[in-house]
Amino acid sequence: MEIKAIGCEPLQLKRVHLENGHTLKVYQQTGGYESLKKALKMSPADIIEEVKKSALRGRGGAGFPTGMKWSFVPKDNPKPKYVVCNADESEPGSFKDRYLMERDPHSMIEGMIIAAWALGSNTGYVYTRGEYKYLIDIMDVALAEAREAGFLGRNVLGSGFDIDIHTHTGAGAYICGEETALLSSLEGFRGHPRMKPPFPAVEGLYASPTIVNNVETFTSVPQIIEMGGETWRSLGTEKSGGTKLWSISGHVKRPGVYELPMGYADMEKFIMEDCGGMLRDDKKLKAVIPGGSSVYIMNAGQILGKNVTLDYEGLVEAGSMLGTGGMMVMDETVDVVDTTKNLTEFYKHESCGWCTPCREGTDWLVKIFTRITSGGGREEDIQLMLDLCDNIEGKSFCPLGDAAAWPIQSAIRQFPDDFKNWIANGASSNGAH
Amino acid sequence: MSEPIKVTINGKEIETEKGAVLIDVCRDNETSIPSFCYYKDLEVQASCRMCLVRIDKMPKLQTSCTIKCTDGMVVTTESPEIEKAQRSMGEFLLANHPLDCPVCDRGGECELQEVIFDWGDVEERFKEPKNRQPEKYLSPIVANDPQRCILCKRCTRVCSEWMGEDAIEAGNRGANTVIGTYGGWLNCSQCGNCIEVCPTGTLLDGVYRHATRPWELDQTITTDVYSSDGMQLSIGSRGGEVHRIVARDRYVNGLNGEFLDVKARFAHEFINHADRIKTPMIRYSKGGKLIPATWDDAIKFTAEKLSAFGNSVGVIASPRLTNESIFTLGDFAKAVIGTENYAIADKHDMSAFLANLSVPLCTHNEIRHAGTIVLIGGEPDEEQTYTAKQIRQAVRNGGAKFIVINDTPIRLTTRASRFVHVNVGSIDAFALAAVDPKFDNDIAAKMGIDPGEIDAVRKTIFESQGDVIIMVGAELSSDAQAIIAAGASSLNGEGRRVLLHPLAPYNNSVGAIDMLPGAKTVNEVTKNSKALLIAGSVQDASILAGKEFVVVQELFEAETTEHADVVLPAASFAEVDGTFTNNAGQVQRVRKSIEPVHRAKPDWMIALLIARAMGAEIDSEFSASTVFRSIAESIPAYEGMRYPMLKDESTPVQAKYSVAERGVAGNIETVRKAVENMQPGEKYYQMPQVGHKLHRVTTMTSKTPQFHLLANGNPKPENLLVSPLEQFELDGTTRQKEKAEAAVIGIGDRSNVGGR
Amino acid sequence: MAGATATSYTDQIVYTDEIADFSPEIIAEMESHLAKYPPERKRSALIPLLMLVQRERGWIDNPGVNFLAHFLDLEVTDVWETATFYSMLNMRPVGRHHIQICKTLSCRIMGEPEITEHICSKLGVHPGETTEDGKFTVSLVECLGSCGTAPMMQIGFDYHEDLTTEKVDQILSSLG
Ligand SMILES: Cc1cc2nc3c(=O)[nH]c(=O)nc-3n(C[C@H](O)[C@H](O)[C@H](O)COP(=O)(O)O)c2cc1C
Ligand code: SF4
Ligand code: FES
């Protein structure tokens, strides 16, 4: 597996290849915690302003402008404020946060401390998926080092500012990546999403103002403070600043985590050259899910020769979304009915069960897929599935419902033959599973 | 809030208040919106997604249960798009539903059924295998068919928000989500509110189960016969038999909404019980047997005997009886016998409290919206359950301050902002605090608390805005009660109104006090009389030993009837017309649901028959309403009341008690002396178990077999699929092997119900 | 797993009042979790403590649930509602080595079916089952964040990535 930057200096990936890059020592030797020192001399408002200027958009999937989110935290609320790092990374196809935490945990910690200073918070939590136990151990060590060195705890670097950060483990639930479900879980409840509004920035953890950001969002913060928001933004495009990590998996020769500047051109080059091209030379590209499982699937025709730029706008234009940047590449041996069934099973398993359309809809859809792939497909099934997706999309309590509908809708749209084959012949077109 | 605004619903402009919930506004304006999870005054859930509407300028359909109205909002609730969305939610909910309405106890009153039938022509597109789950029992009282569940979670919310019990929750995830408990067994007070609020037949009344179909029942709206909250309920009867009690608000719009407790809802099997006294009986000689007699003979016999005692006849009335009966018995004593020897069989007398009101009594609605609640003694969770629920919601949903002063850490203390934990038996002393801070040090010493705690209570009251409600338990002495009732007005202040709430022990304790002013104690009356007419039972029957002649009007043979020379079968609350007065002083109707069983008679009627046989002039037409008119004419607080005024359960009529400044110097002196003599006490730390009073087996509750299992610790059966009544003896021991095996055979039968 | 009957947890656990016993070191560890949250928010520690109970006792057993209810001032049903939501918390016993094979998209297209087939036939179990000696439980789980190194499995907390059938054989034989 590769981990490297292409088309830019490694920024997020600056330390991942250093020996002991996860230690405080190496972190400080390579400029670590200098941004914090700088930030503590800035006013909170100025920090938020820099982050706004950087055009940093949240890296957890929704792409919400981070500076704007921070500015929603009410200044006059007497309750404690919380900073929460979303390290739940459960989106199929996404595995970038894992390497940031494994090899450069202090970046994330420094980002969280700066955020806490900017927002007037004294407590932070890192909510990590339970399966990433080894990362929690790494982060616990890093947090202890930072505490020891005075970056955390009372009176950070003599500034009078107190902050502590704790790790918190999840226990296996994709929905707990959704920020409000994460907060329910952090309070010890079932991981059900909560109603928005009120947004977490106003009423989050323990009904107090809370900021939830992705790991990669936080690791960007020290860089923004270091080089200035403008400079950081200019690494990317006008609307999507900076660089972005992409997780790429599936049928390519060099899967891995790549750092690309926002607006990287183009997607075909990235897959076919940067990642070494198709895994098996004799197999053609069939499909790509570009942004983690919760986005539209694309067929090769939407990518090859289309100069798709890798940023929020470029992927929307090309008919999908950037999401978490978890790119899954499939060659022609893949049967899209099977892959879509696989993802639908994922969403059914991960549906929290709170709302009717997602809970019952995903269960129903899986049953239809199961029937089709055991040879019992009916002509009306395609229409029925599209209608069920329509009845879920936009009507569920949280976006997981939409995320379950989109892969099916796009798969039927982009790969109608795969479905027709199953229904007409009771078998896949290419003999693949 | 309450800023007037305009919203447009389906093109029609409507005036409402800013922040009003859209779904309520629609419904108040003849726009129906289907919903399952929405329930007024419970936390918003927004999970069923049935209530989708379109709001201009919003990208997606919105759930109307989560939308707060703003000025100029334009709403559409009917369009092809909305109908498709709503129908699709119905379709999703039915996908794994067994569609077994014909065998479902909820059939006919199921909200899911109603919504779906309303649409008509629903195509069934779900042709896949259904997820199956067997029917089972969660307790002797609550049965469960999980497959019918639509996960609206009303049950879990009422359990937590109303009852504070968190006994039932959702487990598992996604399509596997089930409502249940750890271990599958429901350990709680068994209030059954989860059954009541369930829109489908998922949670089922284990007492009523499979008895009859809901639409075959005649519904009679009446008042609970157990608690002094005066909860409104609907008795479902058929062919002279009571099958079920519900609070379902489709029948009743009473003060308690859909709330009832375990006794009100389930302990009704006494009404048609085989042990009801079937005929009048006479014991012709002391020590002899009770011999059945006709009504005429028994009345005649009684009248003749009583006449012989002149005015040495005492009269005792149970506080469970209707106002009409208690009043008539009082009249009988005064006018027919010519005696002041009459009593209420109530161990905890609250007449001193009611006689010294310096501020009005509060309603339950005022409790729900109070600013501060001070609970002195009492255990509402076990006795005045609806009061407890209102307290809990006032604190939890309304942010009220809640102070508990008690010698026992009752369950409500977990909700208290302050718990003044006093020594056992020292609670009376607290009354002194209400009148004078100079007592603080003495009181505190006796109560085993810091004087600062008393001052803190006072401070909280003085800083309150809105209503301050002072509740007093019946275990306080009469003097202490009088002091608090009289002292309450001194706590009034700017922006603050003080109200009182007596935690009376019986359903008609308050009415009994109203009906029999100047009543003596049971002991006094017994001591002063040679003969006694007792309607109901006395708490300690041994005091009747040696009395020359005792007449008892009862439902069941009990200890009291063992001392009786004549036993007359009385009609239960379900068989009579009348009124009860609750702890808010509200006078509410009791209505006849079935003809009296075994030709039993209402207690007031029995008294009148005896009186007539004794030669008294009876001008009454022998109807409850005539008796009530006499009440209204002679009891000032009830002046002008008539049955037609009491018709509407949604606006109960409050008795007009006199509220005035009172002198209670004598009471203060008595309590002060008592406090002086108080021995240093101890503290009691154990929180009483849920249900320790509610589940007690009494003459009435014992007739519902499920209560025996509850009283015996709600033992968990081997086999949750079979009724625990099949698996246990009433004393909670396991039945013999053959019977247990017979129960096992049931598994197969039951799990097939509703399967496909 | 998909298809498991939802009621099975609740119906078959024998309900006892026994409270699990933990060593002072473990209690100290639990308290270090509690210390992360405001004192009135003890429930926040529930999931970390459930994970700890599972580590110590192998699964979320009845005495363990009773302990947590007691330790955090909760009802047992509160513990149950939370615990049953999370797929890593085992409400029934599992083998000494819990083999969790990722079955989601990237792993699936990169050879998960062969790996699963290989492991299951080698151990003589179906997914979701435990070997008779109680040594292995095989589960199919959703994406574990290892798509770039697919196919993969997690045994206990250890990630095993870029799997081949040979590699699987080596790993299994190295387990005691
Ligand atoms: C179903 C669902 C799952 C999600 N999972 C994650 C996740 O695993 N990690 C993450 O950072 N954000 C996840 N998100 C996005 C979060 O809700 C939230 O937008 C994000 O944490 C905000 O951080 P950001 O602004 O830094 O992206 C998920 C959202 C949804 C709807
Ligand atoms: S869409 Fe509904 S059921 Fe699905 S995860 Fe979100 S809240 Fe839960
Ligand atoms: S009533 Fe609005 S979502 Fe259920």
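Residues numbered from 1 in each chain as written. Chains lettered and ligands numbered in written order. Predicted model: local features only at pLDDT ≥ 70, side-chain atom pairs only at ≥ 80, totals over all residues. Heavy atoms only, no water.

Visitor: Could you give me a rundown of the interface of chain C and chain A, with the residues and numbers involved?
Guide: Taken residue by residue, the interface counts 39 residues in chain C and 58 residues in chain A. Across the chain C to chain A interface the summed buried area is about 4,000 Å²; carbon plus sulfur atoms make up 59%. Looking at the side of chain C facing chain A, the largest losses of area belong to Lys-36, Phe-85 and Leu-105 of chain C, adding up to 17% of the total buried there. In this structure, the connection of chain C to chain A is made through 3 salt bridges. A salt bridge links Glu-345 of chain A to Lys-103 of chain C, with the shortest nitrogen-to-oxygen separation between them at 3.1 Å. Remark: the boundary between chain C and chain A carries 25 residue pairs in polar contact (both at pLDDT 80 or more). Breaking the side of chain C that touches chain A down by element, the ones donating at least two residues are α3 (46-57), α5 (76-83), α6 (105-109) and α7 (112-123) of chain C. Residues that form the side of chain C that touches chain A fall into these classes: 19 nonpolar, 11 polar and 9 charged. (Contact = heavy atoms within 4.5 Å. Buried area = accessible area lost by both parts, 1.4 Å probe. Salt bridge = Lys/Arg side-chain N within 4 Å of Asp/Glu carboxyl O. Polar contact = N/O pair within 3.5 Å; in protein donor to acceptor, adjacent residues only side chain to side chain. Helix = DSSP H or I, 4+ residues; strand = E, 2+ residues; numbered from the N terminus. Nonpolar A, V, L, I, M, F, W, Y, C, P; charged D, E, K, R; others polar.)

Visitor: Could you give an account of the site of ligand 2, with specific residues and numbers?
Guide: Neighbouring ligand 2 are 13 residues, the closest being Cys-352, Trp-354, Cys-355, Cys-358 and Cys-398 of chain A. Residues of the shell around ligand 2, tallied by class, amount to 9 nonpolar, 4 polar and no charged. (Near = heavy atom within 4 Å.)

Visitor: Any details on the pattern of salt bridges? Residues and values, ideally.
Guide: On inspection of all chains with the given rule, the structure shows 79 salt bridges over all chains. The closest approach of N and O atoms between Glu-676 of chain B and Arg-672 of chain B, which form a salt bridge, is 2.5 Å. You can see Glu-676 of chain B and its partner Arg-672 of chain B sitting in helix α21 (residues 665-676), 4 residues apart, about one turn around the helix. Take Arg-672 of chain B: its relative accessible area is 25%, and that puts it in the partly exposed class. The network of salt bridges with common partners includes Arg-59, Lys-96, Asp-97, Glu-216 and Lys-244 of chain A. (Buried < 20%, exposed > 50% of the residue type's maximum accessible area, 1.4 Å probe, protein only.)

Visitor: Go over the nonpolar core, please, and point to the residues and values.
Guide: Ile-470, Phe-573 and Tyr-638 of chain B are the most contacted members of the largest nonpolar core, which has 159 residues in total. At 7 residues, helix α19 (residues 603-613) of chain B tops the list of elements feeding residues into this core. Among the domains, domain 2 (281-347 + 510-654) and domain 3 (351-503) of chain B are the pair contributing at least three residues each to this core. Leaving out residues up to four positions away in the same chain, Tyr-638 of chain B has contacts with Asn-323, Gly-511, Asp-514, Met-515, Thr-581, Val-587, Phe-628, Ile-631, Ala-632, Ala-655 and Tyr-657 of chain B. Judged by nonpolar contacts, the second largest core, of 133 residues, contains Ala-171, Ala-173, Phe-369 and Ile-408 of chain A. (Core = buried A, V, L, I, M, F, W, Y, C linked by side-chain atoms within 4.5 Å. Domains from an automatic or database assignment.)

Visitor: Could you give an account of the sheet that holds strand β5 (residues 210-214) of chain A, naming the residues involved and the relevant values?
Guide: Residues and elements named next belong to chain A. Across the sheet, 4 strands lie side by side as β4-β3-β2-β5; this open sheet has parallel pairing. Either end of the sheet is taken by a strand with one partner, and the two such strands are β4 (164-169) and β5. Adjacent strand axes in the sheet meet at a mean angle of 20° when their direction is disregarded. Pairing of strand β3 (residues 123-128) with β4, which is carried by 6 bridges, proceeds in the parallel orientation. (Pairing = 2+ DSSP bridges. Axes fitted to C-alpha atoms, helices over the stretch in contact; angles between N-to-C directions.)

Visitor: Summarise the packing of helix α14 (residues 356-376) of chain A against helix α2 (residues 80-95) of chain B; cite the residues concerned and give the values.
Guide: If you want to describe how two helices pack, look at the angle between their axes and the distance between the axes. Where α14 of chain A contacts α2 of chain B, the two axes come as close as 9 Å, and the packing angle between them is 60°. The orientation of α14 of chain A with respect to α2 of chain B, classified from their angle, is oblique. Between α14 of chain A and α2 of chain B lies a crossing of left-handed hand. Residue-level contacts link Thr-356, Pro-357, Arg-359, Glu-360, Gly-361 and Trp-364 of chain A of α14 of chain A to Met-89, Glu-91, Phe-92, Leu-93 and Ala-95 of chain B of α2 of chain B. Looking at the contact of α14 of chain A with α2 of chain B residue by residue, the classes come out as 6 nonpolar, 2 polar and 3 charged. (Parallel < 35°, antiparallel > 145°, perpendicular 65-115°, else oblique. Left-handed = near helix turned anticlockwise from the far one by under 90°.)

Visitor: Describe helix α8 (residues 179-186) of chain A, and please don't skip the residues or the numbers.
Guide: A large share of α8 of chain A lies buried, amounting to 8 of its 8 residues. Restricting attention to buried positions, one finds in α8 of chain A the residues Glu-179, Thr-180, Ala-181, Leu-182, Leu-183, Ser-184, Ser-185 and Leu-186 of chain A. Packing partners of the buried residues in α8 of chain A comprise α4 (66-71), β2 (82-87), β3, β4 and β5 of chain A together with α3 of chain C. Once α8 of chain A finishes, Gly-188 of chain A follows within two positions and takes phi at roughly 95°, a positive value.

Visitor: Kindly report on the environment of Tyr-82 of chain A, identifying the contributing residues and their values.
Guide: All names here are of chain A. Mapped onto the fold, Tyr-82 is located in strand β2. Given a relative accessible area of 7%, Tyr-82 falls into the buried group. It is 12 Å that separates the C-alpha atoms of Tyr-82 and Tyr-127, two residues lying 45 residues apart in sequence.

Visitor: So what about the sheet that holds strand β11 (residues 218-223) of chain B? Which residues, and what values?
Guide: Residue and element names in this part refer to chain B. A sheet is described by the order of its strands in space; here 3 strands give the open sequence β11-β12-β13, paired in antiparallel fashion. On the outer flanks of this sheet lie β11 and β13 (241-246), each paired with one strand and no other. Taken over all neighbouring pairs, the strand axes of this sheet differ in orientation by 30° on average, direction set aside. In terms of strand pairing, strand β12 (residues 232-238) meets β13 through 5 bridges, oriented antiparallel. Residue pairing across strands places Arg-238 opposite Glu-241, the latter belonging to β13.

Visitor: Summarise the interface of chain A and chain B; cite the residues concerned and give the values.
Guide: For an interface, size is often stated in terms of accessible area lost upon the parts coming together. Listed by partner, the interface residues are 35 residues for chain A and 36 residues for chain B. Both sides together, the interface formed by chain A and chain B hides about 2,900 Å², and carbon and sulfur atoms give 53% of it. Here Glu-350 of chain A and Arg-173 of chain B are joined by a salt bridge, their closest N and O atoms 3.1 Å apart. The set of elements that each furnish at least two residues to the side of chain A that touches chain B consists of α13 (336-350), α14 and α15 (381-392) of chain A. With 10 residues, the top contributor of residues to the side of chain A that touches chain B is α14 of chain A. Looking at the side of chain A that touches chain B, its residues break down into 12 nonpolar, 10 polar and 13 charged.

Shape descriptors only; they carry no functional weight alone.
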